[in-house]
Amino acid sequence: MANEPARMEITNEVEPAVSSDAADILAGLKLQQKHISPKYFYDERGSELFEQITALPEYYLTRTELGIMQVHLPEMARLIGPRVSVIEFGSGSSVKIRLLLKHLLRPAAYVPVDISGDYLQSMAAQLAADFPNIEILPIYADFTQPFDLPDPKVTPRRNLVYFPGSTIGNFTTPEAQSLLRVMRQEAQEGGALLIGVDLKKDPRIIEAAYNDAAGITAEFNLNLLSRLNRELGANFDLASFEHRAVYDDINGRIEMQLVSRKAQRVNVAGTLIPFAKDEYIITEYSHKYSLDEFKAMAEGAGFQREQVWLDSQALFSVQYFSVPKRS
Ligand code: SAH
Ligand code: AVI
């Protein structure tokens, strides 16, 4: 079809197991406190809605991180060095990587890793068209599980794991620690990590970012239920659930919830899940860190912090770590 966007073949052959996703989702809905992993937000519609969130006036994260990159890219590129293979965890729309690839010296390859398969394929195709001299090797995977890295045609001098957007914040502390260990493995000795981390600040600024006036974050949250209706044959009535996002000061994180407006039972993949009025599903955490907290966590996974860049209001940080070579 003439208007169909170009899609690039993914490099690996792993198909997502819908049956294990169903078991995972049902197990979360049967808990005393209902939970669904935020990784299920990202079907094609979810990825598009996230893109809309990044442009919202209240959502300071993306534009602040982009601002930091724009100012400090020459220094970042100098620290990273030439001929790297860049492995991006949760690549999404790949906006930030375009800036990075333009500044890096002769990058060997770009490996975007994402769970939003259709979106990944079209973003990879656009990047391949715009960067014809860089090998693009998209990997369709859940990056919390081990996955094999492809072999670029040009042998890289080192691996750079790129993890922007503060997606690390969507994991609990033990999950983030284990993800950092996965990234440390992928970076290998002599490799590096460039990561965007949202910082602790006035909770009113944080709560506004997850409760935007235009209601896009609410749509993003509720889209999860539409997806379960479509893909798992569930029968959530979207009008009976509402979006809520509250900052939990003790744990330093936003908690996104879907709150049941009434007592109801929902059929999910053949199992009836009861909801009391006001009972809610936790759909996402978004942790905010101090610079010291994040340093301790990354160093616990074997990284060494080399540099931190901030915006003028210290809302957000981009942090650069190396993996020391064993002597
Ligand atoms: N890096 C982009 C996108 C962040 S949105 C930015 O900085 O703006 C988070 C991205 O991570 C989405 O594209 C989502 O599909 C992906 N993602 C979330 N959980 C994932 C998982 N477990 N495995 C792989 N990709 C995941
Ligand atoms: C992808 N991730 C870092 C976003 C965040 O801010 O935690 C997802 C998001 N959820 C609601 N708004 C944006």
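Keep in mind that this is a model prediction, so the values were computed, not measured. (Residues numbered from 1 in each chain as written. Chains lettered and ligands numbered in written order. Predicted model: local features only at pLDDT ≥ 70, side-chain atom pairs only at ≥ 80, totals over all residues. Heavy atoms only, no water.)

Asker: Quick one: what's the story with unusual backbone geometry, residue by residue and with numbers?
Answerer: In this model, S94 sits at a positive phi of 60 degrees, which is unusual for a non-glycine residue. Within the secondary structure, S94 sits in the loop between β2 (84–89) and α4 (95–103). The exposure class of S94 is buried, given its relative accessible area of 4%. Within the chain, A314 stands out as a residue other than glycine whose phi angle is a positive 55 degrees. Among the secondary structure elements, A314 is positioned in the loop between β13 (304–310) and β14 (316–322). (Helix = DSSP H or I, 4+ residues; strand = E, 2+ residues; numbered from the N terminus. Buried < 20%, exposed > 50% of the residue type's maximum accessible area, 1.4 Å probe, protein only.)

Asker: Break down the packing of aromatic side chains for me, citing the residues and quoting the values.
Answerer: Within this structure, the stated rule accounts for 18 aromatic pairs. Their ring planes at 90 degrees and their centres at 6.2 Å tell us that F41 and Y42 sit as a pair that is edge-to-face. Classification of F41 as buried rests on a relative accessible area of 0%. Ring centres 6.0 Å apart and planes at 50 degrees place the aromatic pair F143 and F171 in the tilted group. (Phe/Tyr/Trp six-rings, centres within 6.5 Å; stacked < 30°, edge-to-face > 60°.)

Asker: Break down the site of ligand 1 for me, citing the residues and quoting the values.
Answerer: G90, K96, D114, D142 and F143 are the nearest of the 17 residues found near ligand 1. K96 places a polar side-chain atom, nitrogen or oxygen, 2.6 Å from an oxygen atom of ligand 1. In this structure, A141 approaches ligand 1 through a main-chain N or O atom, which is 3.5 Å from a nitrogen atom. Considering ligand 1 on its own, with 570 Å² of exposed area, one finds that the protein chains cover 94% of that surface. A class-by-class count of the residues in the shell around ligand 1 yields 6 nonpolar, 6 polar and 5 charged. (Near = heavy atom within 4 Å. Polar contact = N/O pair within 3.5 Å; in protein donor to acceptor, adjacent residues only side chain to side chain. Areas by Shrake-Rupley, 256 points an atom, 1.4 Å probe, with all protein chains shown as cover. Nonpolar A, V, L, I, M, F, W, Y, C, P; charged D, E, K, R; others polar.)

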